Amino acid sequence: MASKAASTVSKYGKLWGRGYESFPPKLRRILSVSGKGDHATTYLQGLVTSDLFSEPKAPREEDSESLRALEGLVSSSSSSLNVDGGSGGVEEPMEQEVPVQFTSKMRSTCFLDHRGRILTDALLWKRSLDGEPVNTANNDNAATTTEYLIDVPGDAADALLAHLKQHKLRRSKVTLKDRSDEFSIHAVYGTLNAEGAPPGYLAAMDPRHPSLGMRVLSVGPQAVSKDEGATKEETGRGDFAEDEAGNDRQSSSPSQPQTRPERELRQKTFETLMNNHFPPAPGTYRVLRTLSGIAEGSELATRTALECNLEFLNAISFSKGCYLGQELTARSQFTGVVRKRIVPVMVVGTEMEVLRPWVMASVIQEMGLEGGLDKILGDFGVGEDGEKGKTKLELGGYVPPPLPKISAAGAGGIVAMMMGSVPTTASSTTAESETSNPQGGENVEEDEEQDLEAKQRQEELQKVRLAGERLQKEIAELAEPGASIVDKHDGKTIGKIVAPPAPGTTVLLAQMRLDRLGLLGDKDKWSRTNRILIGDSTKEYRYLPYLPLWWPEIDPETGKEKVVEEEEDGEEELDDL
């Protein structure tokens, strides 16, 4: 895994290590919807699930007590191999925490078909092409040209562009373009500061959850290096022209020059800028979003919005007016029961020891919260010095959920431990012994003993690493999208694979039955001794599901976010009277 290091702990949990990456068109593309005044906003308002006439909500924060308890439980599970997220002992720079702003400049959203099934998710940027400040949608100036840049997964971009054209009336005063070759798309990890972007760039924290990093678009002329000598004609932007309906069409003229796309020039400029501050970390986003339990693009196609947790990611408004596909989404929210959701699932061998967070979750599901906590504190609440109650003090007022709740960085640390992907300590131990005793002497026997211990640790780590590589290969071959997850105990299908494991891990995304996870009803429970079959395989595995940090508490009766009713203040009511 690239750049596994975990850095700053914020109110959104521990962040991923510092790094950046650029997205090629096959991974992310940019579609444009523009128009004078509020024409673009009105057009998109009827096609997206978010409300463009209001500011987006900020992602849900964790209270400090819960975060300390969560990080403590996860870190205690990975401390045996000194896993710190893979930073290799290099202390990452700490930045001053700044308020994270979430505005209409960027929001998460979703496009549905006429049946209410997902076409794709997207990130929606809003900007003014006239240099005017971006206002909330209902205050768009009639003389201002507003543009929405739709940052969409590459595998769903063509379908979305066709969808947009299909629902554009002939007299609609909006222009649709594919600007993927003009602009470049990037992500920056390990920071919460998206303020002060250089000229030519748009930057904002990921509106789904800040732990996913900062999103950056290179859009202005200032963001292209003059040394590259790029012009509109040279970069191929002149190869596109608008037809009478305002849509892009490819020019058939063979005389126009074919050179590097402007996107590539922008990408090179951005990488030159970032290399002075952040290391390159290609492939990080795929790992990060999988560990965070977030499916995208074609992985969501034909599913319902609530089954894909899009309401938890601030991509759905249940108070806006009509939009395409609204009926099924609203009915699911207000009258239905959500029986399955996409969750991250860690697949391990049946011989592997189950780690503490899942042992605790299983005990709580089996014995209930009160009895489970008593059992847990009895088993785990004794420190090395024999003093009891340490775990209880660490938990404070935190109530463990039915399944472990883990940040992406925490999940990365656990995966590193289980797969043996941790820095070796043999060389460092040898170097320390040589430094402490360069001339030999009385400590020779002690040094030899330390070297032997280091060698044994290295051999054990190598065994874990080889076993982890074999397991990764097995799961990668079996866990194809659509493959079934079958409970060996009763032979029932309990889930379907949505996305294969992230590289270097056995963590995949699956649409799981909530009742079999212990999250819906009280008949079935998740057990740490479970055994499953994946696809057509006859080999048994164990699955360890967990809840991403951005999930709210789930109502066991509805499978949706649990609504906590606020208690009325009787004294205030009396005063009002």
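Predicted model only: the values in this text are computed from it and were never measured.

Conventions adopted
- Residues numbered from 1 in each chain as written.
- Predicted model: local features only at pLDDT ≥ 70, side-chain atom pairs only at ≥ 80, totals over all residues.
- Heavy atoms only, no water.
- Pairing = 2+ DSSP bridges.
- Helix = DSSP H or I, 4+ residues; strand = E, 2+ residues; numbered from the N terminus.
- Axes fitted to C-alpha atoms, helices over the stretch in contact; angles between N-to-C directions.
- Contact = heavy atoms within 4.5 Å.
- Buried < 20%, exposed > 50% of the residue type's maximum accessible area, 1.4 Å probe, protein only.
- Phe/Tyr/Trp six-rings, centres within 6.5 Å; stacked < 30°, edge-to-face > 60°.
- Lys NZ or Arg CZ within 6 Å of the ring centre and 35° of its normal.
- Core = buried A, V, L, I, M, F, W, Y, C linked by side-chain atoms within 4.5 Å.
- pLDDT = per-residue confidence, 0-100.
- Salt bridge = Lys/Arg side-chain N within 4 Å of Asp/Glu carboxyl O.

A closer look at the sheet that holds strand 4 (residues 28-36)
- On the basis of which strands lie adjacent, the open sheet formed by five strands has the order 5-6-7-4-8 and antiparallel pairing. Of all the strands in the sheet, the pair left with one neighbour each is strand 5 (106-112) and strand 8 (175-178). Across the sheet, the mean angle separating the axes of adjacent strands is 30° when strand polarity is ignored.
- Running at roughly 20° to strand 4, helix 3 (residues 157-166) makes contact with strand 4, strand 5, strand 6 (118-128), strand 7 (145-153) and strand 8 of the sheet.

Let's talk about the pairing of strand 7
- When you tally the buried positions in strand 7, you get nine out of nine residues, the bulk of the element.
- With nine bridges joining them, strand 4 and strand 7 adopt antiparallel strand pairing. Note that in strand 7 the partner of L31 across the bridge is I150.
- Summarising the sheet, strand 6 and strand 7 pair through six bridges and their orientation is antiparallel. The partner of L124 across the bridge, within strand 7, is I150.

A look at the pairing of strand 18 (residues 507-513)
- Most of strand 18 sits inside the fold, with six of its seven residues counted as buried.
- Bridge analysis of strand 14 (residues 340-349) against strand 18 gives seven bridges, and the strand direction is antiparallel. Considered in strand 18, the bridge of M346 is made with V507.
- In the sheet, strand 17 (residues 493-499) pairs with strand 18 via four bridges, with the strands oriented antiparallel. The residue of strand 18 that forms the bridge with K496 is Q511.

Comments concerning the sheet that holds strand 3 (residues 19-23)
- Taken in spatial order, the four strands make up an open sheet running 3-9-11-10, and their pairing is antiparallel. Of all the strands in the sheet, just strand 3 and strand 10 (201-205) have a single pairing partner and so form its edges. Across the sheet, the mean angle from the axis of one strand to that of its neighbour is 20°, orientation sign disregarded.
- Two elements, strand 10 and strand 11 (residues 214-218), share five bridges in a ladder whose sense is antiparallel.

Re the packing of aromatic side chains
- Scanning the model with the defined rule gives eight aromatic pairs in all.
- Each ring, one from F312 and one from W551, has its centre 5.6 Å from the other, and the planes form 65°; the classification is edge-to-face. In this pair, F312 sits in the loop between helix 5 (284-291) and helix 6 (326-334) while W551 sits in the loop between strand 21 (547-548) and helix 12 (570-576), placing the two residues 239 residues apart along the sequence.
- The exposure class of F312 is buried, given its relative accessible area of 8%.
- Of the residues examined, W551 reaches a relative accessible area of 0% and is grouped as buried.
- With centroids separated by 5.9 Å and ring planes inclined at 75°, the aromatic side chains of F318 and F334 adopt a geometry described as edge-to-face. Here F334 lies in helix 6 and F318 lies in the loop between helix 5 and helix 6, a separation of 16 residues in the sequence.
- For F334, a relative accessible area of 55% corresponds to the exposed category.
- Pairwise contacts between aromatic rings join Y20, Y201 and F270 into one cluster.
- A cation sits over an aromatic face here: R18 above F278, 4.1 Å from the ring centre.

Re the environment of L27
- Mapped onto the fold, L27 is located in the loop between strand 3 and strand 4.
- For L27, a relative accessible area of 44% translates into the label partly exposed.
- In sequence terms L27 and P153 are 126 residues apart; their C-alpha atoms lie 5.7 Å from each other.
- Those residues in contact with L27, other than ones at most four positions away along the chain, are V152, P153 and G154.

Looking at the nonpolar core
- If you look at the biggest cluster of nonpolar residues, it comprises 87 residues, and the most contacted ones within it are L291, L310, M346, W358 and M512.
- For this core, the leading source of residues is helix 9 (residues 408-419), giving eight residues.
- Not counting residues up to four positions away in its chain, the partners in contact with M346 are W358, I414, V415, M418, T506, V507, R542, Y543, L544 and Y546.
- Among the nonpolar cores identified, the runner-up in size contains 22 residues, and L31, V33, V48 and L124 belong to it.

So, helix 5
- When you tally the buried positions in helix 5, you get seven out of eight residues, the bulk of the element.
- Buried within helix 5 we find T284, Y285, V287, L288, R289, T290 and L291.
- Taken from the residues just after helix 5, G293 is the one with a positive phi, measuring 75°.

Observations regarding unusual backbone geometry
- Although it is not a glycine, T302 sits at a positive phi angle of roughly 75°.
- Checked against the element boundaries, T302 lands in the loop between helix 5 and helix 6.

Considerations on the confidence of the model for the protein
- Residue-level pLDDT values for the protein average 81, and 74% of them are 70 or greater.
- Below pLDDT 50 for its whole length, residues 229-253 participates in 48 contacts with residues either more than four positions away or in separate chains.
- Taken together, the stretch residues 382-390 has pLDDT below 50 and engages in eight contacts with residues farther than four places along the chain or on a different chain.

Some points on the pattern of salt bridges
- The tally for this structure, following the rule as stated, stands at 25 salt bridges.
- Two residues, E299 and R289, come together in a salt bridge whose shortest N-O distance is 2.9 Å. A residue pair is termed long-range when its members are at least 10 positions apart, and E299 in the loop between helix 5 and helix 6 and R289 in helix 5 qualify at ten residues.
- By relative accessible area, E299 is classed as buried at 16%.
- Linking E474 and K539 is a salt bridge whose minimum nitrogen-to-oxygen distance equals 3.0 Å. Taken together, the positions of E474 in helix 11 (residues 444-478) and K539 in the loop between strand 19 (532-534) and strand 20 (541-545) put the pair 65 residues apart, joining distant regions of the chain.
- With a relative accessible area of 26%, E474 lands in the partly exposed category.
- When salt bridges with common partners are traced through the structure, they connect R28, D151, D206, R208, R215, R289, E296 and E299 into a single cluster.

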